[in-house]
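# Chain and residue survey
As a plain string of letters, each chain reads:
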Amino acid sequence: MHKTEHILETRDFILSKTNYRPTVGLILGSGLGTLADEIENSVVIPYSEIPHFAKSEAVGHANELVIGELKGQAVVAMKGRFHYYEGFTLDEVTFPVRVMKALGVEKLIVTNACGAVNTSFNPGDLMLITDHINLVGTNPLIGPNNPELGTRFPDVSEVYNKELRSLALNVAAKQDLKLQQGVYAWWSGPSYETPAEIRMIRTLGADSVGMSTVPEAIVAVHGSMKVLGISCLTNMACGILDQPLNHEEVIEVASMVRTKFVNLVKGILEEM
Ligand code: 6GU
């Protein structure tokens, strides 16, 4: 359970570093962090300096909070996130979402790099998350509920806000961008799925699979935030093509679709 006192301490620390009062939050997935470099008048705070943030030694992620202005919006962006597979508790994974809410963030854009389960998708496609399936067998809200943060049994019939989705689709259409839509399944990792597991996941109704996003989205909804989820499909999931998966390919494709992704999110911010 997140303690109100910790959240407020962290909020006050961040507020002491900037005059911006962000209303939009961004969680930037693997290979997608460059969007944070476009934030103007930015203050950059390494996670290691932020009170109550988890201590991370992971390489390959920037691990910093960036606050400033992007397309007319005051934003707070996580460049790099905490993953469950790294050994963080779900409290640690989702604490930054509580802090964003306390900062005044009402709309959260969560992004990730993930695998395509729907065989009609292609590597390099972007996918609007319409819903999710939690396959991990745990939930970030397990434990005593802090009623100051949200209700015990939150409704999750619309985790990914309909109006924000419709706005994203309109922006994509204007940009002549093919934006896929589908269900994201959360897999703990760090091993990818087997071909049999991918067949199972497809049968269950998912279009993509990845190792993040769902815990943050659940906590955001618990805190009555509006969530928009965008996935970058970096590769076909296991067993679809006759080739093994590797993390380098995931990072490489994510960086190839970077421009598309950055333009889409900037367009969305402009219209918000
Ligand atoms: Cl195929 N699976 C998972 N769980 N995460 C991924 C992925 C696949 N591709 C990129 N990230």
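By the naming in an unreviewed UniProt entry, the protein goes by Purine nucleoside phosphorylase and is assigned to Gottfriedia luciferensis. In UniProt, the protein has this text filed under Sequence similarities (unreviewed entry): "Belongs to the PNP/MTAP phosphorylase family."

Quick look at the overall build of the protein now. The secondary structure content of the protein amounts to 7 helices and 9 strands. The C-alpha atoms of the protein give 17 Å as radius of gyration, which agrees with the globular expectation for 272 residues (19 Å, within 12%). Each of the three principal axes of the protein carries a C-alpha extent, and together these read 50 × 40 × 35 Å. For the protein, buried positions account for 53% of its 272 residues. Look at the contacts in the protein between residues 6 or more apart in sequence, and 82% of them connect residues 24 or more apart.

Scanning all chains against the criterion turns up 7 salt bridges. A salt bridge links Arg11 to Asp12; the nearest nitrogen and oxygen atoms lie 3.1 Å apart. Judged by its relative accessible area of 24%, Arg11 falls in the partly exposed class. Its salt-bridge partner being Lys174, residue Glu271 comes within 3.2 Å of it at the nearest N-O pair.

Before going further, it helps to spend a moment on the site of the ligand. Taken together, 14 residues lie near the ligand, and Gly115, Glu193, Gly210, Asn235 and Leu245 sit nearest. With respect to the ligand, the backbone of Gly115 contributes an N or O atom lying 3.3 Å from a nitrogen atom. Separating a nitrogen atom of the ligand from a side-chain N or O atom of Glu193 is a distance of 2.5 Å. For the ligand, the accessible surface in isolation is 290 Å², of which the surrounding protein chains cover 96%. Contributions of two or more residues to the shell around the ligand are made by β5 (107–116), β8 (208–210) and β9 (226–236). The greatest single-element share of the shell around the ligand, amounting to 3 residues, is contributed by β5. Classifying every residue of the shell around the ligand gives 9 nonpolar, 4 polar and 1 charged.

This brings us to the pairing of strand β3 (residues 64–70). Burial analysis of β3 places 5 of its 7 residues in the buried class, the great majority of the element. As paired elements, strand β2 (residues 40–46) and β3 share 5 bridges and run antiparallel to each other. From the neighbouring strand, Val44 faces β3, where its bridge partner is Val66. One ladder, built from 7 bridges, connects β3 with strand β4 (residues 73–79); its direction is antiparallel. Paired with Leu65 across the bridge in β4 is Met78. Here β3 folds back onto β4, and the loop between the two strands holds 2 residues, one of which, Lys71, carries a positive phi near 50 degrees.

Right, let's get into the environment of Glu5. Its place among the elements puts Glu5 in helix α1 (residues 4–15). As a C-alpha pair, Glu5 and Cys114 span 109 residues in sequence and 35 Å in three-dimensional space.

Further remarks concern the side chain of Lys79. With respect to the secondary-structure elements, Lys79 resides in strand β4. Residue Lys79 is classed as buried on the basis of its relative accessible area, which comes to 14%. Residues contacting Lys79, with those up to four places away along its chain left out, are Gly33, Ala36, Asp37, Tyr47, Ala62, Asn63 and Glu64.

Turning to helix α7 (residues 258–271), a few remarks are in order. Over its 14 residues, α7 extends 20 Å from the first C-alpha to the last, a length consistent with the 20 Å expected when each residue adds 1.5 Å. Turning to α7, its buried residues number three or more, namely Phe261, Val262, Leu264, Val265, Lys266, Gly267, Ile268 and Leu269.

Core analysis: the largest hydrophobic core is formed by 48 residues, its most contacted members being Ile14, Leu65, Phe82, Met100 and Leu108. Looking at this core, the element that brings in the most residues is helix α2 (residues 90–103), giving 7 residues. Apart from the residues within four sequence positions on either side, Met100 is in contact with Gly25, Leu26, Ile27, Val76, Met78, Val105, Leu108 and Met225. Membership of the second largest hydrophobic core comes to 32 residues, among which are Leu28, Leu126, Phe261 and Ile268.

Moving on, we come to the confidence of the model for the protein. Atomic detail in the predicted coordinates should be set aside for any region of low pLDDT. Counting all residues, the mean pLDDT for the protein is 95, and 98% of those residues have values of 70 or more. The ipTM for the predicted assembly is 0.96, set against a pTM of 0.96.

Here the focus is α1. The terminal C-alpha atoms of α1, which comprises 12 residues, lie 16 Å apart, in line with the 16 Å expected from a rise of 1.5 Å per residue. Those residues of α1 that sit buried are Ile7, Thr10, Phe13 and Ile14. All buried residues of α1 lie within an arc of 125 degrees about the axis, which places them on one face of the element. Tucked inside the fold, the buried residues of α1 contact β2, β3 and α2.

Thresholds, definitions, all that
Residues numbered from 1 in each chain as written. Predicted model: local features only at pLDDT ≥ 70, side-chain atom pairs only at ≥ 80, totals over all residues. Heavy atoms only, no water. UniProt positions renumbered as here; feature names shortened; annotations may be inferred. Helix = DSSP H or I, 4+ residues; strand = E, 2+ residues; numbered from the N terminus. Rg over C-alpha atoms; globule rule 2.2 N^0.38 Å. Buried < 20%, exposed > 50% of the residue type's maximum accessible area, 1.4 Å probe, protein only. Contact = heavy atoms within 4.5 Å. Salt bridge = Lys/Arg side-chain N within 4 Å of Asp/Glu carboxyl O. Near = heavy atom within 4 Å. Polar contact = N/O pair within 3.5 Å; in protein donor to acceptor, adjacent residues only side chain to side chain. Areas by Shrake-Rupley, 256 points an atom, 1.4 Å probe, with all protein chains shown as cover. Nonpolar A, V, L, I, M, F, W, Y, C, P; charged D, E, K, R; others polar. Pairing = 2+ DSSP bridges. Expected span 1.5 Å × (residues − 1). Core = buried A, V, L, I, M, F, W, Y, C linked by side-chain atoms within 4.5 Å. pLDDT = per-residue confidence, 0-100. Arc of directions from axis to C-beta.

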